[in-house]
Amino acid sequence: MNGSLIILGSSGSVGTQAADVARAHNIKVDAVTGGKNVKLVEEQIREFKPRFCAMADEMAAKDLSARIADTDTKVFAGNEGIIEAINATDANTAVNSILGLAGLAPTIAAAKRGMRIAIANKESLVAAGDIVKAEVKAGGAELIPVDSEHSAIFQCLHAGKKSEVKRLLLTASGGPFYGYTAEQLRAVTRTDALKHPTWTMGAKITIDSATLMNKGLEVIEAVRLFDVKSSQIQVVVHRESIIHSAVEYIDNAVIAELSHPDMRECVQFAITYPNRCDAVIEPLDLFKVGTLTFKEADRKTFRLLDLAYKAIETGGLLPAVLSSANEAAVALFLNDKIRFYEIAEVVEAAMNSFANKADFTIEDVFEADREVRDRIKSERN
Ligand code: MG
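Note that the coordinates shown come from a computational prediction; the quantities given were computed from them, not determined experimentally.

1. With respect to the coordination of the magnesium ion
Protein coordination of the magnesium ion is provided by Asp147 (OD), Glu149 (OE) and Glu218 (OE), with donor distances spanning 2.1 to 2.3 Å. One chain supplies every donor to the magnesium ion, and in sequence these donors are spaced D-x1-E-x68-E. In this pair, Glu149 sits in helix α7 (residues 148-156) while Glu218 sits in helix α11 (residues 213-226), placing the two residues 69 residues apart along the sequence. A single burial state applies to Glu149 and to Glu218, both of which are buried.

Right, dumping it as structure tokens:
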């Protein structure tokens, strides 16, 4: 690639994989930002020597400043500091792998700077996709998906024209509880839910994969990224995670993208697009894979997927409410405050009690987020 890269959320799962890609291809990293993980961010600063860094947590920023006093890297603090780092750099590409709605303001800041945004932060697209897209357009920026399914669809869309697309086939691993009944889901524990069959990811997205909320968020993400209707998106449970998604065209040709499941392929493609460069991942051995299977998703048992369709069909702030309520509910579950099956109940209640509106600003999104979290906190603590 030309120019340099910034990695937002560099200590997370996708962030460290973006660092792997930068290392493999000698890409200059001009800024890294993290939350609290001072140790890892310090290592990244010593390795990549970025000019800027930021820690969302103020104490962590202080700690990091002291630890890297011998380097030339400037440290910014707090959520504002992340924006300052984005504004200070002259990088042309930002990988945004910040978790949750916290990724929204950085996405918009990078859009205003006219950067290519390799976006792994699905919540910002879910909550405010239209606003993000308008900012990207106004800033002359570019949005390239990093999520494996959306990266696959993005690649498959090069096989035809937009007007020739009939459906998107969004694949899902099905998570650790594939085939479970509603009754069996009631007995699920936190340890059970943190095991994912294929991908190694952070705790929040691992839980989202187990509830199928991750797939629900991805349906909405696909609507935003590819300007299709939710009714044009078919979720396909594909346990092997070899086909990362597919596009069906009007002539019924289906173009799929297959690879060994490793997110680094997606991060790399988002950075180097429209070029491909040498692999950082293992080649796909189809003989080893042997069989590929496909099943329908059980939207009745895994209600969050159904709620996601409902949210995007209704529109307005409802997708934001769905995502914020889910973030809050997953945090409660990870702290043993609610059971696994209650995550869907919390999200559904939040959606039902919210006074939705069709037209909204970015401030309305943050206000809805606060309202939803406060209500869940007061009801469930
Ligand atoms: Mg995904």
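Back to the text.
2. A look at the sheet that holds strand β11 (residues 254-258)
Read from one edge of the open sheet, five strands run β11-β10-β8-β9-β12, paired in mixed fashion. Since the sheet does not close on itself, it has two edges, and those belong to β11 and β12 (295-296), each with one partner. Pairing between strand β9 (residues 233-237) and β12: two bridges, direction antiparallel. Residue Val237 lies in a different strand from β12, and its bridge partner there is Lys295. Taken strand by strand, α7 contacts β8 (165-172), β10 (243-249) and β11, and its axis lies near 40 degrees from that of β10.

3. Focus on the pairing of strand β2 (residues 29-34)
For a regular strand, side chains alternate in direction, first toward one face of the sheet and then toward the other. Counting buried residues along β2, six of its six residues qualify, which places the element largely inside the surrounding structure. Sheet topology note: the strand β1 (residues 5-8)/β2 ladder contains four bridges and is parallel. Paired with Ile7 across the strands is Val32, a residue of β2.

4. Points about the sheet that holds strand β6 (residues 116-119)
As summarised here, the arrangement of the seven strands in space is β4-β3-β2-β1-β5-β6-β7, forming an open sheet in which the pairing is parallel. One side of each edge strand has no neighbouring strand; the edge strands of this open sheet are β4 (74-77) and β7 (142-145). The average undirected angle you get between the axes of adjacent strands in this sheet is 15 degrees. Relative to β4, strand β3 (residues 52-55) runs parallel, the two being bridged by four bridges. Residue pairing across strands places Met55 opposite Ala77, the latter belonging to β4. Sheet strands in contact with helix α2 (residues 38-48) are β2 and β3, and its direction is about 175 degrees off that of β2. Sheet contacts for helix α3 (residues 58-67): β3 and β4; angle to β4, the most-contacted strand, approximately 165 degrees.

5. A few points about the domain arrangement of the protein chain
What the domain assignment lists for the protein chain is domain 1 (4-145) and domain 2 (159-262 + 285-314). Between domain 1 and domain 2, the C-alpha centre-to-centre distance is 27 Å. With 13 residues of domain 1 at the contact, the number on the domain 2 side is 15 residues. On the domain 1 side of the contact with domain 2, Lys122, Leu125 and Val126 bury the most area, a combined 47% of that side's loss. At the junction of domain 1 with domain 2, the criterion picks out three salt bridges. Note that Lys133 is salt-bridged to Asp227, the shortest N-O span being 3.0 Å. Inspection of the region where domain 1 meets domain 2 yields seven residue pairs in polar contact (both at pLDDT 80 or more).

6. Some remarks on the pattern of salt bridges
Going through the model one piece at a time under the given rule, you end up with 33 salt bridges. We note a salt bridge from Glu371 to Arg375, for which the minimum N-O separation is 3.6 Å. In this pair, Glu371 and Arg375 both sit in helix α17 (residues 362-380), four residues apart, roughly one turn of the helix. The class of Glu371 is partly exposed, set by a relative accessible area of 31%. Overall, the relative accessible area of 30% leaves Arg375 in the partly exposed class. Taken together, the shared-partner salt bridges connect Asp20, Arg23, Glu47, Asp262 and Arg264 into one network.

7. Quick word on the packing of aromatic side chains
Inspection of the entire model under this criterion finds seven aromatic pairs. Grouping aromatic residues by their ring pairs yields a cluster made of Phe177, Tyr180, Phe333 and Phe340. Against the face of Tyr341 rests Arg186, its NZ or CZ located 4.1 Å from the ring centre. Residue placement shows Arg299 over the ring face of Tyr309; its charged tip is 4.0 Å from the ring centre.

8. Quick notes on the nonpolar core
By size, the foremost hydrophobic cluster in this structure holds 126 residues, and its most contacted members are Leu168, Ile233, Leu322, Phe340 and Ile343. Ranked by the residues each element gives to this core, the list is headed by helix α15 (residues 318-334), at ten residues. For this core, the two domains that each supply at least three residues are domain 1 (4-145) and domain 2 (159-262 + 285-314). Setting aside anything within four residues of it in sequence, one finds Leu168 in contact with Ile153, Ala222, Phe226, Val228, Gln232, Ile233, Gln234, Ala246 and Val247.

Parameters and conventions
Residues numbered from 1 in each chain as written. Predicted model: local features only at pLDDT ≥ 70, side-chain atom pairs only at ≥ 80, totals over all residues. Heavy atoms only, no water. Donors = N, O, S within 2.8 Å, 3.2 Å for Na, K, Ca; no water. Helix = DSSP H or I, 4+ residues; strand = E, 2+ residues; numbered from the N terminus. Buried < 20%, exposed > 50% of the residue type's maximum accessible area, 1.4 Å probe, protein only. Pairing = 2+ DSSP bridges. Contact = heavy atoms within 4.5 Å. Axes fitted to C-alpha atoms, helices over the stretch in contact; angles between N-to-C directions. Domains from an automatic or database assignment. Buried area = accessible area lost by both parts, 1.4 Å probe. Salt bridge = Lys/Arg side-chain N within 4 Å of Asp/Glu carboxyl O. Polar contact = N/O pair within 3.5 Å; in protein donor to acceptor, adjacent residues only side chain to side chain. Phe/Tyr/Trp six-rings, centres within 6.5 Å; stacked < 30°, edge-to-face > 60°. Lys NZ or Arg CZ within 6 Å of the ring centre and 35° of its normal. Core = buried A, V, L, I, M, F, W, Y, C linked by side-chain atoms within 4.5 Å.

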